[in-house]
Amino acid sequence: MDVVRRLYLYAMSAVSLGVLWYGLQVLLMVLLRAVGLGGVVIGGDPDNERRALSLAISLVGVGLPVWAVHWFLVERSLNRARPTAEAERRSALRALYLSAVLAALIVLGAAAGADLIRQVVHRILPDVELYLGDAAGSLATLVVSAAAWALHAWARRRDAALGELRGAAAWWPRAYRYALAFVGVALLLEGVGALLALGVDALTGSGVPGAGSDPSFTDSYGFRLAQALPNVVIGLVAWASHAWASDRLAAEVDWRGDSERRSRLRLGYWPIVFGVAAVAVILHANEGLRPLLGRLLGVRSDFFQPLDDLGLVAAVARAMGAALPWIVAWWLHRRWSRAEAAASGEPAAAVLLDRLERHVVAATGLAFSAVGAGWIVGLAIDVLLGGNRATIPDGGWRYELAGFLSLAVLGLPLWVWNWSRLIARRGGDPSEAASPVRRAYLLLVVAVAILSSLGGLAIVLYRLVAFLLGAEVPGNAVSELSTPVGALAVALAVVVYHGLALRADQAVRAPELTTPTVPPIEVGPAAAAADEDASATAEPAVRHTLVLTTPADADIGETLAALRGVLPEGQSLDEA
Amino acid sequence: MSGSRSVVAVVAGVLGLIALAIVIVVVAGGRQPRTFPAGSPEAALQAYLTAWDAGNYEASYAAFSSGAQQRMSFEEYERYAGDYRFNTSPGTQRLVIIDRTSGDGDHVTVHLIVEETYGDGFGGGGPYRNERAVQMVNEDGAWRLADPLVWLEPAEHFKTF
């Protein structure tokens, strides 16, 4: 099937599927309402249901034939008797279409499922607030989305069962799986954290219980429960199902397992989880450390709300509760990823995984600690040079200092711990300097530091140019400049430090780059023959590094002997 | 199951669903307003809504408590009702659903969900859901609306017109 025809068929399938989905959702909603789901009608327009049914039938009447004809043509082109079948099955566009449809349907279904759970919570706690969810509509959305999802998942599963898929045909669906697993785990952890924080408030009597107060108050226990519970359930289902599917594929012994285990997406999933977990832990812990440091600095409020001793204890416990699920998930993912790397039998896999985690977490810690340090340096400049930020009577600077000090205190250990390990590794193994991960980290840090300092630099230049031109700028010059100068100073230190590390790495790599190429490196009888041939023709030998994958119990010697037997004259194969 | 057969299965399933929906909604009557026990707050509120829909303002005004009638005369009610109908978009369809009834004794609150659809349902015309809480009071053995309303909107909203 040519590309243009394929584009046409999938575009038409997508649009008509959308119309059909909407029509079926309304149709099922009408059906569910007719059998009593969705509340007791007391009054209103009696023709409402018939009008909704008319709408549903018209949408299905338009969407169904168009979708059926186009999807039939797509399916027919996959018929193995046709010469186009393999090209269609392996096409990137088909993989993209199936992945996008699966993702869209699961988002719709998850939103409807979350709405249903919220309705159940509000039904159990009716005094909390009136919830406007529509049980029939949500259930109809969930069922129609699930049915359409199952149809497309079956199509994708059948594609994979018929033989190897490579390139985009393999990684689009994989990207869908890992994206859903990641979103699911994030929802789950935030939901569990919110439930733990709610438990802390209930135990300490903090927050707004809700009963007897304004029923629409969104900080009430009931409202918070109704928000957190759907995240837990939907997140758990999304994460467990998609992570399980990925793990099951990775355990396969055929091409699917090999492709899954070696995929960069699977490898990249782990450090993304580590990085986001680090960000979440810092942000949640900050909610407890900030008021604690504020108390040490003489501030008895948080976010301009008075905070007594019990409130402070509750804030710290709430922050710990919200951060705890992320810490546990981080630890679990760390264990799982290392176990998988160890099981691969390739020491390089474990090293690469560790390198990725340490750089990602170091970058996260550095970002937070640099932001905090920049603000603190700015305040120090202000105090030393006679600015007025620390003399403002409302004491707001103490509260801000507590917030930025908290970020610095939380970020610094993460950076120091991971970066010191990376320095030690670099010292023990100079080849670490050639690592693309290390180089990417250093360049990224330099780039972000430069970009983040542009705003501060512009403010400093504005003041300088205004002074040179004799223009009067209102405000205390020291206080106006202290924060940007503090940020610039820290950014400069970050750029210089990491720039020097880059330069040192470059110095190690330079000899490699200037080494004369094409040394005669093959050894053994075949290589000797090749050398003779090379010297005879004055053409250098070239060495290629190949990857050979075998079952664990394969006789490697026998395999190499078989391969050597079919090599063209003058070529050799040796183990490194 | 081959891909082509799956398309046939989907078409058959959808057609079956349509047939079932037509049978239930058209033949069996679909979702109709429930008849509430006579003398209940819900029955009184339903009678008020039925009178309003029929344009029978004398009957709907009679559903208000004496206190509500003191706060809004019949003339005011008629005028507000005319303003309300004039300002309501043509083609607006409403369905009033009971969420729950709370309270006890002579004072209860009926929590309602009003579902509105505009036009023919194409182009984002709903349904949109809004909440209403109607206070009911028992006067001389009959349930009445405790506050002056224009349909289900507080009458105070119309006094500025």
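Residues numbered from 1 in each chain as written. Chains lettered and ligands numbered in written order. Predicted model: local features only at pLDDT ≥ 70, side-chain atom pairs only at ≥ 80, totals over all residues.

The helix and strand tally for chain B stands at 5 helices and 6 strands. Order of helices (α) and strands (β) in chain B, N terminus to C terminus: α-α-α-α-α-β-β-β-β-β-β. Against the 2.2 N^0.38 benchmark of 15 Å for 161 residues, chain B shows a C-alpha radius of gyration of 21 Å, more extended than a compact globule. Reported as C-alpha extents along the three principal axes, the dimensions of chain B are approximately 75 × 35 × 25 Å. A burial count over chain B gives 27% of its 161 residues as buried. In chain B, the proportion of contacts linking residues at least 24 apart, taken out of those at least 6 apart, comes to 47%. (Helix = DSSP H or I, 4+ residues; strand = E, 2+ residues; numbered from the N terminus. Rg over C-alpha atoms; globule rule 2.2 N^0.38 Å. Buried ≥ 20, exposed ≤ 12 C-beta atoms within 10 Å, placed from the backbone. Contact = placed C-beta atoms within 7 Å.)

A few words now on the overall build of chain A. Across its full length, chain A holds 16 helices and 3 strands. Sequence-distant contacts in chain A: of pairs separated by 6 or more residues, those separated by 24 or more amount to 79%.

In this section: the pairing of strand 2 (residues 107–118) of chain B. Residues and elements named next belong to chain B. Pairing between strand 1 (residues 92–104) and strand 2: 12 bridges, direction antiparallel. Across the sheet, residue Arg-100 finds its bridge partner in strand 2, namely His-111. In this sheet, strand 3 (residues 128–139) lies alongside strand 2 in antiparallel orientation, the contact comprising 10 bridges. Following the sheet pairing, Thr-109 is matched in strand 3 by Gln-135. (Pairing = 2+ DSSP bridges.)

Quick look at the confidence of the model for chain B now. In this model, chain B carries a mean pLDDT of 87, and residues with pLDDT of at least 70 account for 93%. The ipTM for the predicted assembly is 0.84, set against a pTM of 0.81. (pLDDT = per-residue confidence, 0-100.)

Here we take up the nonpolar core. Counting residues in hydrophobic clusters, the biggest one holds 128 residues, and the most contacted among them are Leu-27, Val-30, Ala-56 and Ala-277 of chain A. For this core, the element with the most residues is helix 6 (residues 168–204) of chain A, which contributes 17 residues. For Val-30 of chain A, the contacting residues outside a window of four places in its chain are Glu-49, Ala-52, Leu-53 and Ala-56 of chain A together with Ala-21 and Val-25 of chain B. Among the nonpolar cores identified, the runner-up in size contains 30 residues, and Trp-52, Met-72, Ile-98 and Val-137 of chain B belong to it. (Core = buried A, V, L, I, M, F, W, Y, C linked by C-beta atoms within 7 Å.)

Contacts between chain B and chain A engage 38 residues on the former and 36 residues on the latter. Only helix 1 (3–27), helix 2 (41–53), strand 1, strand 2 and strand 3 of chain B provide two or more residues apiece to the side of chain B that touches chain A. Here the residues of the side of chain B that touches chain A are counted per class, giving 18 nonpolar, 10 polar and 10 charged. With 4 bridges joining them, strand 1 (residues 40–44) of chain A and strand 1 of chain B adopt antiparallel strand pairing. Paired with Val-40 of chain A across the bridge in strand 1 of chain B is Ile-98 of chain B. (Nonpolar A, V, L, I, M, F, W, Y, C, P; charged D, E, K, R; others polar.)

A few words now on the pairing of strand 3 of chain B. All names here are of chain B. As paired elements, strand 3 and strand 4 (residues 142–145) share 4 bridges and run antiparallel to each other. Opposite Met-136, over in strand 4, you have Leu-145 as the bridge partner. With antiparallel pairing between neighbouring strands as the criterion, strand 3 and strand 4 make up a hairpin whose turn holds 2 residues, including Asp-140 at a positive phi of roughly 55 degrees.

A few words now on the packing of helix 6 of chain A against helix 7 (residues 221–250) of chain A. Residues and elements named next belong to chain A. Interhelical geometry of helix 6 versus helix 7 gives an angle of 150 degrees and a closest axis separation of 6 Å. Note on packing geometry: the crossing formed by helix 6 with helix 7 is left-handed. Residue composition of the contact of helix 6 with helix 7, by class: 22 nonpolar, 7 polar and 3 charged. (Axes fitted to C-alpha atoms, helices over the stretch in contact; angles between N-to-C directions. Left-handed = near helix turned anticlockwise from the far one by under 90°.)

With antiparallel pairing, 5 strands are arranged side by side in an open sheet as 1(A)-1(B)-2(B)-3(B)-4(B). Of all the strands in the sheet, just strand 1 of chain A together with strand 4 of chain B have a single pairing partner and so form its edges. If you compare each strand with its neighbour and ignore which way they point, the axes differ by 35 degrees on average. Along the sheet, helix 2 of chain B contacts strand 1 of chain A together with strand 1, strand 2, strand 3 and strand 4 of chain B; its crossing angle with strand 1 of chain A, the most-contacted strand, is approximately 30 degrees.

Turning our attention to the environment of Lys-159 of chain B. With respect to the helices, strands and loops of the structure, Lys-159 of chain B is situated in the segment after strand 6 (153–154). Distance from Lys-159 of chain B to Met-72 of chain B, taken between C-alpha atoms, is 9.8 Å for residues 87 residues apart in sequence.

Next up on the list: the packing of helix 6 of chain A against helix 9 (residues 264–296) of chain A. All names here are of chain A. At a minimum axis distance of 11 Å, the contact between helix 6 and helix 9 shows a crossing angle of 20 degrees. By the criterion of interaxial angle, the relationship of helix 6 to helix 9 is roughly parallel. In the packing of helix 6 onto helix 9, the handedness of the crossing is right-handed. Residues Trp-171, Arg-174, Ala-175, Tyr-178, Phe-182, Val-185, Ala-186 and Gly-193 of helix 6 pack against Leu-265, Tyr-269, Ile-272, Val-273, Val-276 and His-284 of helix 9. Class assignment of the residues belonging to the contact of helix 6 with helix 9 gives a composition of 11 nonpolar, 2 polar and 1 charged. (Parallel < 35°, antiparallel > 145°, perpendicular 65-115°, else oblique.)

Looking now at the confidence of the model for chain A. Residues and elements named next belong to chain A. Confidence in the prediction of chain A, expressed as mean pLDDT, is 87, and 90% of residues score 70 or more. The least confident element of chain A, judged by mean pLDDT, is helix 15 (residues 524–537) at 42; the most confident is helix 9 at 95. Predicted confidence is poor over residues 515–539, with pLDDT under 50, and the contacts of this stretch with residues over four places away or in other chains come to 29 contacts.

Further remarks concern unusual backbone geometry. It is generally the case that most residues other than glycine have a negative phi and that most peptide bonds are trans. Residue and element names in this part refer to chain B. Non-glycine residue Asp-140 carries a positive phi angle of around 55 degrees. Here Asp-140 shows up in the loop between strand 3 and strand 4. Backbone geometry places Trp-151, a non-glycine residue, at a positive phi of 55 degrees.

As a further point, take the environment of Leu-502 of chain A. Residue and element names in this part refer to chain A. Positionally, Leu-502 belongs in helix 14 (residues 477–514). Note on Leu-502: 18 C-beta atoms within 10 Å, which makes it partly exposed. Distance from Leu-502 to Leu-442, taken between C-alpha atoms, is 6.5 Å for residues 60 residues apart in sequence.

Moving on, we get to the environment of Gln-25 of chain A. Residue and element names in this part refer to chain A. Relative to the elements of secondary structure, Gln-25 occurs in helix 1 (residues 3–34). Residue Gln-25 is classed as buried on the basis of its 21 C-beta neighbours within 10 Å. Sequence separation between Gln-25 and Gly-570 is 545 residues; the distance between their C-alpha atoms is 68 Å. In contact with Gln-25, other than residues within four places in its own chain, are Ala-140, Thr-141 and Val-144.

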